[in-house]
Amino acid sequence: MLNLMWIALLFPFLSAITNGFYGNRYSRQVVGLIACLGGFGPLMVSCRGWWDLVHAAPVDEWAREAVLWQWVPCDTISIDIGFLVDPLTLVLLLLVSSIAFLVQVYSLRYMERDEGFRRFCVELNLLIFFMLTLILANNFLLLFVGWQGLAFCTYLLIGFRRGDHDAAERSKTVFIVGRIADYGFLIALLLLAVIFGSLDFSSVLSAAPKLLPADGFAVTTITLLLFLGAAGKSAQIPLHIWLTDTRDAPLPAGALINTVTTVSAGVYLVLRFNVLYGMAPITLWVMAVTGVVTALYAAAIALTQFDIRKVLAYSSMSQFGLIFLACGTGAFAGGLYYLVIHAFAKTLLFLAAGGLMYSLEGEADMRRMGCSRVDLPWTHLCFVIGVFAIAGIGPFGGFLGLEPILWKAYGKNVWLWGGGVATLFLTVLYMLRALFLIFYGALRQRGRGGQSVKESPVLMIAVLAVLSVISIGVGWIGIPEALCGKDRFLWFVGSVFMGPRDFAGGGPLATVNVERFAGDALVNTELILAGIIIAVIAVGVGMAAFCYLLRPSLPGVISKRLGCLYRVFANEGYGTMIYRELFVEPVHQWSRWMARFIDEGVVEKSVVGMGRLIYALSAIGNRANSGSKEEDDT
């Protein structure tokens with residue numbers, strides 16, 4: 001079965017083709033059912049692949065490749081259509097397919113009144129298809145195809161509302177910013193082809209330690225270029241301005257883009273090539289610093305926004321900053337684990353927010369909500385679970401996923417650890433702020449005309465319930481050893497991030513135990529830092545409750561005293577304006593000058609002048625060769 005994992009690609013592709021060409025012949029129910037098969041099929045295939053890998057294959061054979069056919073035959077380099085299946089592939093396949101299936105089921109009711117429902121199903125299935133292509137690819141070129149397909153589908157979904165000029169402009173912004181990052185990826189791909197003579201992952205990663213000196217110029221350049229592509233895809237500073245534009249996409253599609261498809265693709269690029277990054281300490285430092293700065297910056301902005309979609313988008317940007325912090329400190333498995341935790345919890349929050357907007361007829365401003373828990377008890381409960389999971393409160397996955405990341409950051413640099421802890425504190429504040437503004441406090445809206453709002457349809461609530469259960473349970477898979485756990489998640493994915501040689505001592509846990517527990521002092525230090533994290537979370541909960549429940553006028557007073565600093569973050573760091581002034585307007589001015597000087601002054605005058613010259617020469621020739629009949633007779 002492991003060699004047939006490519007079958008997972010057929011389901012979303014055939015669903016998109018069927019609905020795209022023949023969907024107008026079917027009812028909405030049939031179109032929705034076909035679309036749901038695009039997520040359910042890969043989920044079943046992934047579950048079977050996971051079962052075969054764990055129960056049928058020895059640990060040293062957990063990575064398998066299947067080549068279907070030769071794609072680019074060439075004397076110097078040959079590229080195949082092939083797929084790689086290993087623990088990293090299976091984790092992301094299970095993650096993407098499960099969330100995609102739940103989002104598609106949710107969309108059956110959320111999008112039922114939308115005129116573009118069939119087109120939405122086609123574009124969503126294409127998004128899933130290209131993400132699965134990216135995950136399963138065994139070479140850089142096929143991965144790049146999935147990478148570009150994700151960009152194209154994101155562009156389509158953000159510009160989904162036909163006739164909305166602003167959405168169309170923002171979709172172009174997303175596409176153009178993505179191309180800036182893709183230059184880094186493409187140049188790195190060309191360098192790898194020249195140096196290794198191959199673009200297959202196995203060939204490049206196995207030969208890299210022999211051909212590239214550790215901490216050398218070549219490996220540093222390649223990894224920095226790859227990180228540029230990853231940063232653009234995962235909305236890291238300074239290529240982050242496109243992320244909030246995803247609010248123009250239908251909300252279920254925005255949930256996928258922000259959790260397991262487009263934004264996650266950048267992290268996957270780093271995780272897949274962790275061997276190269278492990279040889280480039282400069283790149284790791286750049287990645288860690290970029291991650292922690294992005295995490296703090298986005299968390300501060302999320303604390304000042306009132307549109308629930310913007311709050312969740314900046315929250316995703318901040319959390320992915322923490323994931324890059326983990327990768328930059330060498331905790332690749334920890335970054336992957338937190339990616340899984342974040343994906344389920346953030347999807348739950350997005351879809352719960354969608355339920356709110358569905359009940360409030362599109363209202364997204366948290367200032368116009370309040371006491372919604374009275375009318376929307378199930379949505380309220382699911383939103384609370386999502387908030388607690390992201391903020392690391394209680395027995396949820398957020399704390400268990402963040403603790404190993406912050407512990408690793410502390411081992412690398414105390415300032416990185418401090419930035420991560422500060423981000424966690426801000427996360428608690430803005431998550432609880434959203435919860436209290438939406439569901440607590442004074443009543444501010446009860447729907448159109450003052451009538452009470454109704455709970456979301458049963459199908460949407462059922463999806464939220466499933467995501468809630470997963471968000472609670474997923475954090476207990478990888479409990480760190482220092483917290484009396486067995487870290488089964490690291491046991492499963494350890495071979496991807498440690499290499500076969502690390503299994504000689506009796507499996508991945510043996511290596512991990514030596515690395516993490518070289519003495520009781522390290523255990524005690526980690527426990528002390530875990531206690532500090534718990535204290536920070538508790539202070540954040542208390543401050544949020546005091547500011548938004550007991551003294552709801554206090555945040556307004558604080559924002560006035562902060563003055564200019566508050567306005568900077570409330571206006572999203574003026575990122576769009578800065579880009580417009582530094583890049584867009586200069587390009588426009590240069591283009592206008594080029595059009596006036598080159599096009600009108602050189603090209604047009606040259607063409608017109610050449611035409612006039614030919615006309616004049618023709619006229620002279622005419623006069624020289626023309627004559628009357630009388631003149632010819634004489």
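Before reading on, note that the structure itself is shown above.
Residues numbered from 1 in each chain as written. Predicted model: local features only at pLDDT ≥ 70, side-chain atom pairs only at ≥ 80, totals over all residues. Heavy atoms only, no water.

Draft legend 1. Geometry of the environment of Val-493. Looking at where Val-493 falls in the secondary structure, it is placed in helix H20 (residues 488–498). Residue Val-493 is classed as buried on the basis of its relative accessible area, which comes to 0%. The spatial distance from the C-alpha of Val-493 to the C-alpha of Leu-336 is 9.1 Å, given a sequence separation of 157 residues. Discounting residues that sit within four places of it in the chain, Val-493 has contacts with Pro-87, Val-91, Ala-333 and Leu-336. (Helix = DSSP H or I, 4+ residues; strand = E, 2+ residues; numbered from the N terminus. Buried < 20%, exposed > 50% of the residue type's maximum accessible area, 1.4 Å probe, protein only. Contact = heavy atoms within 4.5 Å.)

Draft legend 2. A look at helix H19 (residues 458–473). If you check H19, its first and last C-alpha atoms are 23 Å apart, about what 16 residues at 1.5 Å a residue would give, namely 22 Å. Considered for burial, the residues of H19 that qualify are Met-460, Ile-461, Val-463, Leu-464, Leu-467, Ser-468 and Ser-471. Taken around the axis of H19, the buried residues stretch over an arc of 155 degrees, which confines them to a single face. Along H19, the residues that are exposed and aim more than 90 degrees away from the buried face are Val-458 and Val-469. Elements in contact with the buried residues of H19: helix H3 (87–110), helix H14 (332–359), helix H16 (377–391) and helix H17 (397–412). (Expected span 1.5 Å × (residues − 1). Arc of directions from axis to C-beta.)

Draft legend 3. Structural detail: the nonpolar core. Core analysis: the biggest nonpolar cluster contains 204 residues, and Leu-143 and Leu-336 have the highest contact counts within it. For this core, the element with the highest residue contribution is H14, accounting for 20 residues. Apart from residues lying up to four places away in sequence, Leu-336 is in contact with Leu-88, Val-91, Leu-92, Leu-271, Phe-489, Val-493 and Phe-497. (Core = buried A, V, L, I, M, F, W, Y, C linked by side-chain atoms within 4.5 Å.)

Draft legend 4. Quick look at helix H4 (residues 117–136). Along its 20 residues, H4 runs 29 Å from first to last C-alpha, staying within 8% of the 28 Å computed at 1.5 Å per residue. The element H4 is extensively covered by neighbouring structure, given that 17 of its 20 residues are classed as buried.

Draft legend 5. Spotlight on the pattern of salt bridges. With the rule as written, the count across this model stands at four salt bridges. Here Arg-109 and Glu-112 are joined by a salt bridge, their closest N and O atoms 3.0 Å apart. Relative accessible area serves as the criterion here: at 28%, Glu-112 is assigned to the partly exposed category. (Salt bridge = Lys/Arg side-chain N within 4 Å of Asp/Glu carboxyl O.)

Draft legend 6. Representation of the side chain of Thr-154. Secondary-structure assignment places Thr-154 in helix H5 (residues 140–158). Contact partners of Thr-154, with chain neighbours within four places excluded, come to Leu-127, Val-174, Ile-257 and Thr-262.

Draft legend 7. The arrangement of the packing of aromatic side chains in detail. Under the definition given, this model contains 18 aromatic pairs. With 5.7 Å between their ring centres and 25 degrees between their planes, Tyr-106 and Tyr-110 make a pair best called stacked. Here Tyr-106 pairs with Tyr-110, and both are found in helix H3, just four residues apart, close to one helical turn. Taken together, the ring pairs in this structure connect Phe-13, Phe-129 and Phe-130 into an aromatic cluster. The ring of Phe-160 carries the charged tip of Arg-119 above its face, separated from the ring centre by 4.3 Å. If you follow Arg-367 out to its NZ or CZ, it ends over the ring of Phe-306, 4.2 Å from the centre. (Phe/Tyr/Trp six-rings, centres within 6.5 Å; stacked < 30°, edge-to-face > 60°. Lys NZ or Arg CZ within 6 Å of the ring centre and 35° of its normal.)

Draft legend 8. Examining the environment of His-342 more closely. Within the element layout of this structure, His-342 appears in helix H14. The buried category is assigned to His-342, whose relative accessible area is 1%. Between the C-alpha atoms of His-342 and Thr-259, which are 83 residues apart in sequence, the distance is 7.6 Å. In contact with His-342, not counting residues within four places along its chain, are Asn-258, Ser-316, Gln-319, Phe-320, Thr-347 and Ile-390.

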